[in-house]
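# Tertiary structure, described
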Amino acid sequence: MSGKFVTRHMLRSSVAVCALLVASATARAQELQASNEVEAVTVLGEAIYVAPSAVPMEVTQPTSVVQEGFIQNNIIPQSSYDDIVKFEPSVFDSSPNGPGLGKSETLSLRGFQDGQFNVTFDGIPFGDATDLHHTSSALFIAHDIAMAEVDRGPGGGSTIGKATFGGTMAFRTRNADQDFNINPYGTYGSFNTLAGGIAVNSGSTAVGSGYIDVQHENTDGYLTYSAEHRTNVLGKWNWDLDSTTSLSLLASYNQEFQYTTQGATLDNIEKLGRNFALNNDPTTQAYYRYNPSFYYSDFYYADIKKVLGNVTLTNKVYTDYFAHVYTESKEPTDTNPADNSLTIYPNVFNAAGYASSKGTKTKDIPGKATNARFRAWGDTFTGDYDMGFGDLLFGAWFDGQHDRRNSYTIDLTTNLPAPGKNGTAYSYDYHTLNQTWQPYVEFDWKVTDDLMLTPGVKYTDFHRHAYGPVNKGSLTPFDYTDNYDALQPSVAARYTIEQGWNAYAQVASGFLAPPVDVFQVTKPHGLRPEKTWNYQAGSTLQREDFTVSLDAYYIEFSNYFASVQIPDSNDTTFVNGGGALYYGVELEGQYVIGDGWSLYGNATSNTAKYKGVPVAIAEAPTYTGALGLLYDSRQGPYGSLIGKLIGPRYGDDGNAIDPVTQKLIAADSVRLGSLATVDLALGYRFGAVMDNVSDFSASIKIANLLDNRQISDYGGTQSGTDLPLFFTTAGRSVFFNISAALN
């Protein structure tokens, strides 16, 4: 029996099982109607609080929640947000510079890549103005996060965002402590990492409560010459203005410096070490001082909530900013001085308006200087009307972005611009203005005490205006506008089979507008938006000493986007790669052993492929899994031993355009094997160790305990040679953490 047949048979069987659970729920509920048994879940609840993931009962799609207990016990306070969710079902995270250090090179969910799923911060969707991606290391830190919720589904009509079809990673900041305290904390460990912070909690006052948290981190990183320095500041204030009105204010600022790494060739990995990235040789393009990056970001919002009888109104006004200012050599992975070559054309125009075609070729270091920044502003409005037999949700989201980007060729040897044939050194210089409107309505209809139906619909309208003196690819002035819109219906059902056991099913439509790159070719062509239909069903069972959740999903894509290289050019563009299919089965559970001990595990089978051709979507693992043993005494010692398994995948799925059809020529390329790592965390809460110290704790976190340094991710190809580039798993690292609460 073929592997494909087995996979399809398993998927169909799992969907059938989940559907049967929904269909048989009525009969089962009638059998148990006379029973008044109520299961005690206190013990399980305590274990779930410190588990890598908890599965809520009141959901209509596969959902995993990382609670504050796990974040505090297992995640380094200065870690980036990708480190918080890496153990979740169907999640793949690649952080080659160390756990929570530097940016995540790959963060995927069910095979969807960053930019194809939603990321929210206190309920606000955000992402880069070009393609919705995120630089995880330049944003908020784990110390300020109280909860992370990973929704592996499109949500309902009230789920706002530009790419909800791939799911949502939602991060929520913590609130202030009830009592005044000063919380200093620090980390020291591998890769010469030293970090420290201090949080000041106001406690309850006449005008609310809040806190401010300031931290700074320095690290050399696991990769050679890949140092990182970052500072994070976040303040939050909550105020109950009266018995029916509350106000929340938040402000954050983040600044990061790091040296850009893009992987290494197999030859350099073999000769120079598994952690090779950059070097200290100024005669090569891999010299680290040629490749500095500066990141800046901020986030501000004001959130007001008002209760008017049976109606709750919430309005949140926000703005966020992101900037990436950097220089880099033409090929930062190149260690051969013989490859240095830069042609400089005189900046003198002839009668036709072009510079002289005669250039001077040197052995100087070729590079580029880039400035990319955007400011977003927006508003989310939500109304919740309790009608007795159900809740009517209605609202709208508006988001606007002004994006400004330019990049020019630079001679890194002389630190001067290097003009090209057209008389300018710029490879692009443009603005984009993006606007998204997304009104919605959704109704949670309590058909019976056990059955909830949730129909909903949202309308998305996306408008982009791109213009500037130098377009990428053509190097000519341009002024383009495009508008994309879609109606996105959804319907979900949840049935309570018995106390602590439910089943659900969901159907929803998804939509994503094309990235700005579609304009950045010599002959720009129209691109249809991505559209999806998501189907999924599942069931969750919770008892006194265990919980288990099973779901199956099937997602059909039309007009799938693919990034490809333009023939005879170093530029890339996006094309509609035809259709694509994503489907799989996900299992998650936890068992309470007793006396503070518990087991956690998840396992998934995931398929992501193009329609009509046997080609897998790049960077989509065929399976994932996690298994962990956890202990928490609630007062004294705590610890965990957790392993993560990532299945094989392909790093690339094609890099050519058919000259006739202008469609993607897809092919599986660069196979990456399965990957397993194990993390260990141990800690102790000492409590009040002296006067004015109400709490003191110390912990140790050992990431990649077994020191697995295998090739873990694909980094593209080296320009000029087309040699593949790779990242390896960051080696074993040890971090010591301390935290105190001073009164």
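Residues numbered from 1 in each chain as written. Predicted model: local features only at pLDDT ≥ 70, side-chain atom pairs only at ≥ 80, totals over all residues. Heavy atoms only, no water.

## Quick look at the overall build of the protein chain
- Assigned secondary structure in the protein chain consists of six helices and 42 strands.
- Counting over 743 residues, the protein chain shows a buried share of 55%.
- In the protein chain, of all internal contacts separated by at least 6 residues, the share reaching a separation of at least 24 is 68%.
- About 30,300 Å² of surface is accessible on the protein chain, with carbon and sulfur atoms providing 58% of the total. (Helix = DSSP H or I, 4+ residues; strand = E, 2+ residues; numbered from the N terminus. Buried < 20%, exposed > 50% of the residue type's maximum accessible area, 1.4 Å probe, protein only. Contact = heavy atoms within 4.5 Å. Areas by Shrake-Rupley, 256 points an atom, 1.4 Å probe, with all protein chains shown as cover.)

## Thoughts on the sheet that holds strand β6 (residues 124-125)
- The five strands are arranged β1-β7-β8-β5-β6 in an open sheet whose pairing can be described as mixed. Strand pairing shows two members of the sheet lacking a second neighbour, β1 (63-66) and β6, which therefore form its edges.
- Looking at chain direction, strand β5 (residues 118-121) and β6 are connected through two bridges and run antiparallel. Pairing of Thr120 across the sheet is with Pro125, part of β6. (Pairing = 2+ DSSP bridges.)

## Topic: the pairing of strand β41 (residues 724-728)
- Burial analysis of β41 places four of its five residues in the buried class, the great majority of the element.
- In terms of strand pairing, strand β14 (residues 264-265) meets β41 through two bridges, oriented antiparallel. Bridge assignment links Ala264 to a residue of β41, and that residue is Phe726.
- Pairing of strand β40 (residues 711-717) with β41 involves four bridges; the strand directions are antiparallel. Considered in β41, the bridge of Asp713 is made with Phe727.
- Once β40 ends, the chain turns through six residues before running back antiparallel as β41, passing Gly720 with a positive phi of about 90°.

## Some thoughts on the pattern of salt bridges
- Counted by the stated rule, this structure contains 24 salt bridges.
- The residue Glu586 makes a salt bridge to Arg152 at a minimum N-O spacing of 3.1 Å. Pair noted here: Glu586 is in strand β30 (residues 580-594) and Arg152 is in the loop between β7 (145-151) and β8 (168-173), with a separation of 434 residues, a long-range link.
- Classification of Glu586 as buried rests on a relative accessible area of 1%.
- The buried category is assigned to Arg152, whose relative accessible area is 3%.
- When the shortest N-O distance is used, the salt bridge between Glu328 and Lys368 registers 3.5 Å. Of this pair, Glu328 sits in strand β16 (residues 311-329) while Lys368 sits in strand β19 (residues 366-386), placing them 40 residues apart in sequence.
- Judged by relative accessible area, Glu328 falls into the buried class, the value being 9%.
- Each of the salt bridges in this network shares a partner with another, and the network as a whole consists of Asp83, Lys86, Asp679 and Lys701. (Salt bridge = Lys/Arg side-chain N within 4 Å of Asp/Glu carboxyl O.)

## A short note on the side chain of Ser80
- Within the secondary structure, Ser80 is located in the loop between α4 (68-74) and α5 (82-85).
- Exposure remark for Ser80: the relative accessible area of 0% places this residue in the buried category.
- Sequence-distant contacts of Ser80, defined by excluding residues within four places in its chain, comprise Gly100, Gly102, Ser136, Ser137, Phe140 and Arg230.

## Observations regarding the packing of aromatic side chains
- Scanning the model with the defined rule gives 36 aromatic pairs in all.
- Taking 5.7 Å as the distance between ring centres and 90° as the angle between the ring planes, the aromatic pair formed by Phe126 and Phe299 counts as edge-to-face. Of this pair, Phe126 sits in the loop between β6 and β7 while Phe299 sits in strand β15 (residues 292-308); the two residues are 173 residues apart in sequence, bridging distant segments of the chain.
- Assessed through its relative accessible area of 13%, Phe126 is described here as buried.
- Here the aromatic residues Tyr225, Phe257, Tyr259, Tyr287, Tyr288, Tyr290 and Phe294 are joined through ring pairs into a cluster of three or more. (Phe/Tyr/Trp six-rings, centres within 6.5 Å; stacked < 30°, edge-to-face > 60°.)

## A word on the confidence of the model for the protein chain
- When pLDDT is averaged along the protein chain, the result is 87, and 88% of the positions lie at 70 or above.
- Within the model, pLDDT remains below 50 along residues 1-41, and this stretch shows 46 contacts once partners closer than five positions in the same chain are excluded. (pLDDT = per-residue confidence, 0-100.)

## Some details on a nonpolar patch on the surface
- Together, Tyr591, Ile593, Trp597, Leu599, Leu629 and Leu641 make up an exposed nonpolar region whose accessible area comes to about 520 Å².
- Elements with a minimum of two residues in the nonpolar patch: β30 and β31 (597-610).
- With respect to the helices and strands, the residue Leu629 is situated in strand β32 (residues 623-632). (Patch = residues over 30% accessible without salt bridge, like charges linked within 9 Å, V, L, I, M, F, W, Y side chains within 5 Å.)

## Considering the environment of His133
- Residue position: His133 is located in the loop between β6 and β7.
- Along the sequence, His133 and Leu107 sit 26 residues apart, while their C-alpha atoms lie 9.9 Å from each other.

## With respect to the nonpolar core
- Core analysis: the largest hydrophobic core is formed by 51 residues, its most contacted members being Ile84, Met169, Phe171 and Tyr582.
- The contacts of Phe171, once residues within four sequence positions are left out, are Tyr81, Val85, Val119, Thr120, Phe121, Asp122, Phe140, Ile145, Met147 and Ala148. (Core = buried A, V, L, I, M, F, W, Y, C linked by side-chain atoms within 4.5 Å.)

## Concerning the environment of Ile665
- Tracing the backbone through its elements, the reader meets Ile665 in strand β36 (residues 664-665).
- On the basis of relative accessible area, Ile665 is assigned to the partly exposed category, the value being 43%.
- Along the primary structure Ile665 and Gly654 are separated by 11 residues, whereas in three dimensions their C-alpha atoms are 6.0 Å apart.

## A look at the sheet that holds β40
- Spatial strand order, β14-β41-β40: three strands in an open sheet with antiparallel pairing. Here the strands that pair on one side only, and so sit at the sheet edges, are β14 and β40.

## So, the pairing of strand β12 (residues 228-242)
- Alignment of strand β11 (residues 209-219) against β12, held across 11 bridges, turns out to be antiparallel. When the bridges of β12 are listed, Asp213 appears paired with Leu234.
- The pairing of β12 with strand β13 (residues 245-259) spans 14 bridges and is classified as antiparallel. Bridge assignment links Asp242 to a residue of β13, and that residue is Thr245.
- Once β12 ends, the chain turns through two residues before running back antiparallel as β13.

## What about unusual backbone geometry?
- With phi around 65°, Ser90 is a residue other than glycine that occupies positive phi space.
- Tracing the backbone through its elements, the reader meets Ser90 in the loop between α5 and β2 (91-94).
- What makes Ser90 buried here is its relative accessible area of 3%.
- The phi dihedral of Arg110 is positive, around 60°, even though this residue is not glycine.

## Quick word on the environment of Glu328
- A sequence separation of 84 residues divides Glu328 from Leu412, and the C-alpha atoms of the two residues are 8.6 Å apart.
- If near-sequence neighbours (up to four positions away) are discounted, Glu328 is found in contact with Thr260, Gln262, Tyr290, Asn291, Gly367, Lys368 and Leu412.
- Of note is the side chain of Glu328, whose polar atom sits 3.1 Å from the side chain of Gln262. (Polar contact = N/O pair within 3.5 Å; in protein donor to acceptor, adjacent residues only side chain to side chain.)

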